[in-house]
Every structure is written in C-alpha cells, then in structure tokens.
Amino acid sequence: MEEKRLFQNKINIARSLLKDQAYKLIKDAISNGELTPGKFYSQDKLSNELGISRTPVREAILELQSEGILVIHRGRGIEVVSLSRKDLWEIFEMRRALEVRACEMAAEKIGSELYQKLDQIIEMQKESVLQEDKTEFLAGDKQFHEIIAEAAENTRMFNAIKDLRDKITYVGAYAIFRSNRMSEIIKEHQKIVEALKLKDPQKARLALEKHLEGTFGEIIDALKEKKLVIPDENEK
C-alpha cells in the first residue's frame, strides 16, 4: 500500500497561493501597460521575473486565457489579446449600460462611509498626478468604480461590470496619460461624487456617462496612435 504523503494539503494550498499571486502580478502588468498586445512573452521569462515557479505561473496564464485576456501560442509564447474597434465599442456599450444603472442605484443607497472613501481616492489620484505614478492612479480608478458598482447591492451586476473592466483595463493605461486626461478624470470623478452625495440618480447617471464617453474617446485615439487596435474590416 502506497504511503500517504505528509502535508499534501499544505503543499496544494501553497501552490494555490502562488498561482493567485502570479495571476495578480501578471494582470497588474497588463493593466499598467508593461505587457502589451503585439508582443510575445516567454512563460519561463515571466516565471523568472516574478520569482515564482513555472507551475503556478502556468496556471495563472491558463486562467487569464480563459478570461480572454491572454492567448497562448504554442512555440511562440503568450500574448495579450488585441481588440478591434468593434470589440472595444461592444464592451464599452455593455459597460456603459451596466455601470450607469449601477450608479443610479448607488445614488439611492450609498452612505457617508463610502463618500469618504471616494473622496480619499480622489485625493490619492491628485497626489499620483503630482508624482507621475501611473500604477497608483490606475489602482485608484479601479477602486473608485468598484466602490460605486458594489454600492448598487447587486452582486451579478457588480461581477459583470468587473469582468468587462478587466477585459479592457490595459487599454486605459494608454489613454489616461495623453494630454491632460488624468486631471480631467479627477474632475469627472468629483462630479460623480457630488451627484451621489445629493442622492440624485439622474445627475449621477449623466456624470458617469460623460466620464465613460470621454475615456472611451481617449482610448480609441491612444490605441490608434500606438497601432495597438486591430482595424475593423471596413478600415482595412
């Protein structure tokens, strides 16, 4: 009879934790624009850079592929998925529909504790602009939108919004550093918070719609400049 291995559960837990860590680090690198579409990356190199063994890194990559964020090319490496203008527009329309509705719902439910968190994020983003810290700015932007979506108290809506944001998070990194977009985002965030504090669903909806439309326009322009968006059939 084969002897049962000791501490097998602990080994599995440790590997799972490493996979989660690798997943987060790779996803952050995509969000920050460190890993970009159009380039191939070696799994071994990622493993070495992260200081995490190959198996958990491989598992993290497979999970990101299942989410449509990465694609594995046999013999060539992994690649961040490129999106066409049509892809971006479809994701944007879905995100706008869901986030705007969530913002309306949040305006009726959100309390002072969350107002304070949103205000703190805005202050942090102002400091990020001064420090030219894009990682911190993007992290604040993600948290800002997630707080509002979660305040709607609809778990399925929140998860759908989060999934849509994850699919295009990396493109936001290119948009916000064009011209004065970071400062504009802060002003737009302030208007959203003002509407939420008034508990005015219509004002909140309009403020968020304007914010999302401004960001989407910047994303398209930025990606065209960097040639990171796939042309649609009628543009070829």
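Refer to the structure presented above.
Quantities reported herein were computed from a predicted structural model and do not represent experimental measurements. (Residues numbered from 1 in each chain as written. Predicted model: local features only at pLDDT ≥ 70, side-chain atom pairs only at ≥ 80, totals over all residues. Heavy atoms only, no water.)

Caption draft 1: Spatial organisation of the environment of Glu-132. In this fold, Glu-132 is placed in the loop between α5 (112-131) and α6 (134-151). Judged by relative accessible area, which is 72%, Glu-132 ranks as exposed. Between the alpha carbons of Glu-132 and Met-182 there is a distance of 9.9 Å; along the sequence they are 50 residues apart. (Helix = DSSP H or I, 4+ residues; strand = E, 2+ residues; numbered from the N terminus. Buried < 20%, exposed > 50% of the residue type's maximum accessible area, 1.4 Å probe, protein only.)

Caption draft 2: A look at the packing of aromatic side chains. Inspection of the entire model under this criterion finds three aromatic pairs. On the numbers, 5.4 Å between centres and 55 degrees between planes, the contact of Trp-89 with Phe-216 is tilted. Remark: Phe-216 occurs in helix α9 (residues 201-226) and Trp-89 occurs in helix α4 (residues 85-109); sequence separation between them is 127 residues. For Phe-216, a relative accessible area of 14% corresponds to the buried category. The interplanar angle of 20 degrees and the centroid separation of 4.4 Å between the aromatic rings of Phe-92 and Phe-216 together place this pair among those described as stacked. With Phe-92 in helix α4 and Phe-216 in helix α9, this pair connects stretches of sequence that are 124 residues apart. Judged on exposure class, the residue Phe-92 and its partner Phe-216 are both buried. (Phe/Tyr/Trp six-rings, centres within 6.5 Å; stacked < 30°, edge-to-face > 60°.)

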